[in-house]
Amino acid sequence: MAKVDADGNDTSAESEAKFQPSLLQKLLRLLLSFVSASLKFLILAGSCLWAYRIRQISVQKYGYLIHEFDPWFNTRATKYLAKHGWHAFFHWYDYMSWYPLGRPIGTTIYPGMQILSVWIWQFLKLFPKKTVDMPGRDLIPANWLPMLPGHGQLSMGPMSVNDVCVMVPAWLASVATFSIFLLTWEVSESSGAAVCAALVMSIIPAHLMRSMTGEFDNECVAMAAFCTAFWLWCRSIRHSSSWPWALPAALAYASAVATWGGYIFVNNLIALHAAVLVGLGKYGTGLYRAYSIWYVLGSACATLVPVVGLMPIRSIEQMPSMAVFMGFQVLELCDLWRKRRPMSGLRFFFFRVSVFVTIGVVTCAVCWVLLQFNYFSPWSSRIRGLFLKHRKTGNPLVDSVAEHQAANEQAYDMYLSTPRYFACAGLFFCWHQRTPAKIFPVLFAAVAYHFSLKMSRLIIICGPIVSILAGYPLGIVFDWCIEQCKRLVCGPLPSLPEEDLPKRTGGMGSIYRLLNKIVKPVTYTDELRSVEDVMGHFAFRLPLLDRITRLALASLILSTAWREMQDPWEKFVSLCYQHADSLAGPGLAYEARLRNGQTIIVDDYYQGYKWIERNTPSDSRVLAWWDYGYQITGIAKRTSVADGNTWNHEHIATIGRILSNPVKKAHNIMKHLADYVLVWAGERETDLRISAHFARIGNSVFPDICGPADPTCSKYAAYPSPTPMMRASFVYNAVKHNLVDGVRLDPKLFKEVHTTKHGLMRIYQVLNVSNESKAWVADPANRICDAPGSWYCVGQYPPKLKKLISKRKNFSQLEDFNRQVEKSDYTRLVEKQQAESGRDADV
């Protein structure tokens, strides 16, 4: 049987040699290829447009409103960059968050998203406000117009920073969809597979989950950067002469680094791919140059990102990519040595082994010395959790975050749906391509699946690879069917000549060639060879009958696929729109239905923050659980005691202590830190539902909250009925104030100043505030600067809280192997339960 490539092109040597198409056949094939390419282009353009349109549901329902928690911080940082400029942004110490300590912003975030958004904002200011009809709008059917941006009318001109931040996720989703098209085409060598992958990527829920309009979070930009970096890397190793593509690949990687901490995934996946290619005997000068350029230039650019700094040469999780780079240098040096002093393959093999063993021993010794001097940065809780057998990290703060919990089958079904089954089939289509990048999707799938099993948030990185692999069986088979139509009238298409690579000896290539000589006679028997010869002879002697048979088979496949695929596709699209509709909710507002059937928007949370902005002094300090800090500074524009970052475990634990303390004790601390305190209440009772984390996190630093014998704070529970400790706590009394008999905050300590329309947020004024402590914190003389006149000046707790702060125990996280610090009771409990049961701790 004649062999075909991914696009269905005949690669039979016999057919190539004996069939010469006429000029008419060549022109006809060119015309049919143009029609096919045009159809694919239209589907690709429709996919990119679809990616944009489906994400507009949020704007259509709620307007230009930023979502959730982190996006409010990102928007605030973007506005600061737009207003104050580059230099001020990277020298910004923010005293409106983490009161009284403050926080350096520009040097502690991945600023790529903010920089990109400001560039877009500045670019749009170059155009006057104008609305124009799309070319050919009058020719488009009326029922198609709603699918087009602005119903076929393009609006250009200045936008506010807020509106740009709202729209960036949708714009970048279209970019990510196009990047998936390029990546899939590169690794599959099939344009049909690439178009199918783009179609899936445009609406798959795993991509929707962080890219709805308003979801201005790092991942929405990172996905486009990741996919572009992967495409350029795979392009750089297509041929031995393709290595210059490693230059833009390194720049794309640098943009990914500047965007999201998940760049570690890109770093290690590319390194793994390069290492596997060596193991498969594909090492050559082209691969060496591509990886070396990518690693050196990419790492050099990465160090320019302030939050990254020297992490590429100090972070343990980035050591594998460095090890691969060093290994490539040794391989190339060995090759250079062999060119100067020729030696047999066997001798070269042992020579290279001895060199690697020697360098390996020296490297291990150097690493051991560096380890003694605490040179390497320790694992973070999140990164370490990806490689643990267990799913609890031993850090109650990290364990409390829902998106850091392990994924389950329900999550995969929700976010990957039907395409994941096609992706499994797609793995069987990854082996016949000529490009060395053909193994990349297999590695991508394995790594993404492993990581997502450990952390549900990382299902987002499964979206691109599931889209890619789902496109394989659909697109490759479709291309083969289309080629049979062309073949009927145009004859077979000669394949391109393969790149003639020199055979290397003394390495994996020699081993595989030896194995092939042994295995091939057993697997490729004379009977199989005879069948192939007969089918090839049939195709040559009876070409018309062969082509008609192929066309009949292609028609049968297409008709069956059309019939069987309609229902699953419609269900998948319906599911995607259901998820888009649910993900459209910004968290601050949601749709509710009244008894009369009327749909209303409940925006209590947003209006509560706006009340604070309108009705409190500008220097007010607002205390709430750390989740809400970004919204306090972003919407209410007031100082928050903590924001949504997890960098200071002890400070968050102090807030946990305040909220879980009895009312009087809570006030004794609160009056030195806050003027107002808010809780999320109402029917949802949000703060009561998560209140166990307040005490648990607080207890990891203040063991007297629940006691050493109860590190999970089981005595502090709101459901099914509140425990005595819960009833006495400030958060319970604030949520249930005047709603339950006998539950009322002391009017001498707190004054209820506002409860939102539906009771979802309650705001209290802290009475008897210590103006002395407030003035002390506000005095710049009481801040500790890293140098005289420096912008980096850390605030301090007021003296009246010195006794409380002295009780804190620095939280020893599991990754702190460089420090011999006593572990918390919570950490010891997690380790003990995991050791005894061999499974996750039950906390």
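Read on for a plain summary of the structure. (Residues numbered from 1 in each chain as written. Predicted model: local features only at pLDDT ≥ 70, side-chain atom pairs only at ≥ 80, totals over all residues. Heavy atoms only, no water.)

1. Focus: the overall build of the chain
Where we set the bar: Each helix corresponds to a stretch of at least 4 residues labelled H or I by DSSP, and each strand to a stretch of at least 2 residues labelled E; elements are numbered beginning at the N terminus. For every residue, the accessible area (1.4 Å probe, protein chains only) is compared with the maximum for its type, and the residue is labelled buried under 20%, exposed over 50%, or partly exposed between those bounds. Accessibility throughout is a Shrake-Rupley quantity obtained with a 1.4 Å probe, and a residue counts as covered only by protein chains that appear here.
On a plain count of helices and strands, the chain comes out with 36 helices and 13 strands. For the chain, with 843 residues in total, the buried portion stands at 52%. Accessible surface for the chain amounts to roughly 38900 Å². Of this, 63% is attributable to carbon and sulfur atoms.

2. Some words on the packing of aromatic side chains
The test is simple: Each Phe, Tyr or Trp ring, with Trp reduced to its six-membered ring, pairs with another whose centre is within 6.5 Å; inter-plane angles below 30 degrees give stacked pairs, above 60 give edge-to-face pairs, and intermediate values give tilted ones.
All chains considered together, the criterion is met by 40 aromatic pairs. Between Tyr93 and Tyr792, the aromatic rings sit 5.4 Å apart at their centres with planes inclined by 75 degrees, giving edge-to-face as the arrangement. In this pair, Tyr93 is assigned in strand E1 (residues 93-94) and Tyr792 in the loop between strand E12 (784-785) and strand E13 (793-794), connecting sequence segments 699 residues apart. According to the relative accessible area criterion, Tyr93 is buried, its value standing at 9%.

3. Some thoughts on the sheet that holds strand E10 (residues 750-755)
In sheet architecture, strand pairing relies on hydrogen bonds along the backbone and comes in two forms, parallel and antiparallel. We count it as follows: When DSSP finds at least two bridges between two strands, those strands are taken to pair. What makes two residues a contact is simply this: any of their non-hydrogen atoms within 4.5 Å. Only the contacting stretch of a helix is used when fitting its axis, a line to C-alpha atoms as for every element, and angles between N-to-C directions run 0 to 180 degrees.
Strands sit in the order E8-E7-E9-E11-E10 across an open sheet of five strands; the sheet is mixed. Of all strands in the sheet, those bounded by a partner on one side alone are strand E8 (639-640) and E10. In this sheet, E8 lies alongside strand E7 (residues 621-623) in parallel orientation, the contact comprising two bridges. Of the residues in E8, the one forming a bridge with Val622 is Ser640. Against the sheet, helix H29 (residues 663-670) engages E7, strand E9 (676-680), E10 and strand E11 (761-766), with an angle of about 85 degrees to E10.

4. Concerning helix H34 (residues 771-778)
Selection criterion: Each direction from the helix axis to a C-beta atom contributes to the arc, which is the arc of those directions.
For H34, every residue scored as buried is listed here: Ser773, Lys774 and Val777. Taken end-on, H34 shows its buried residues confined to a sector of 100 degrees, consistent with a single buried face. In H34, the exposed positions angled more than 90 degrees off the buried face are occupied by Asn771 and Glu772. Looking at the buried residues of H34, the elements they touch are E7.

5. Some words on helix H27 (residues 629-636)
Within H27, eight of the eight residues are buried, which leaves it mostly tucked inside the rest of the structure. With its phi angle positive at about 60 degrees, Lys637 sits one or two positions after the end of H27.

6. Observations regarding the pattern of salt bridges
Condition: Salt bridge, as applied in this entry: a Lys or Arg side-chain nitrogen positioned within 4 Å of an Asp or Glu carboxyl oxygen.
Inspection of the entire model under this criterion finds 23 salt bridges. For the salt bridge of Glu186 with Arg238, the shortest nitrogen-to-oxygen distance reads 2.7 Å. Of this pair, Glu186 sits in helix H7 (residues 161-188) while Arg238 sits in the loop between helix H10 (218-236) and helix H11 (246-257), and the two are 52 residues apart along the sequence. Lys800 is the partner of Glu772 in a salt bridge, and the nearest nitrogen-oxygen pair spans 3.5 Å. Here the residue Glu772 occupies a position in helix H34, and Lys800 occupies one in the loop between E13 and helix H35 (802-806), the gap between them amounting to 28 residues. Owing to a relative accessible area of 55%, Glu772 belongs among the exposed residues under this scheme. In the salt-bridge network here, residues are joined through shared partners; they are Arg210, Asp217, Glu219 and Arg457.

7. Quick notes on unusual backbone geometry
Residue Pro100 is bonded to the preceding Tyr99 through a cis peptide linkage, with omega at 5 degrees. Here Pro100 lies in the loop between E1 and strand E2 (103-104). Between Tyr719 and the following residue, Pro720, the backbone shows a cis peptide bond with an omega angle of 5 degrees. Even without glycine at this site, Glu189 takes up a positive phi of about 60 degrees. Locating Glu189 in the fold gives a position in the loop between H7 and helix H8 (191-203). Owing to a relative accessible area of 26%, Glu189 belongs among the partly exposed residues under this scheme.

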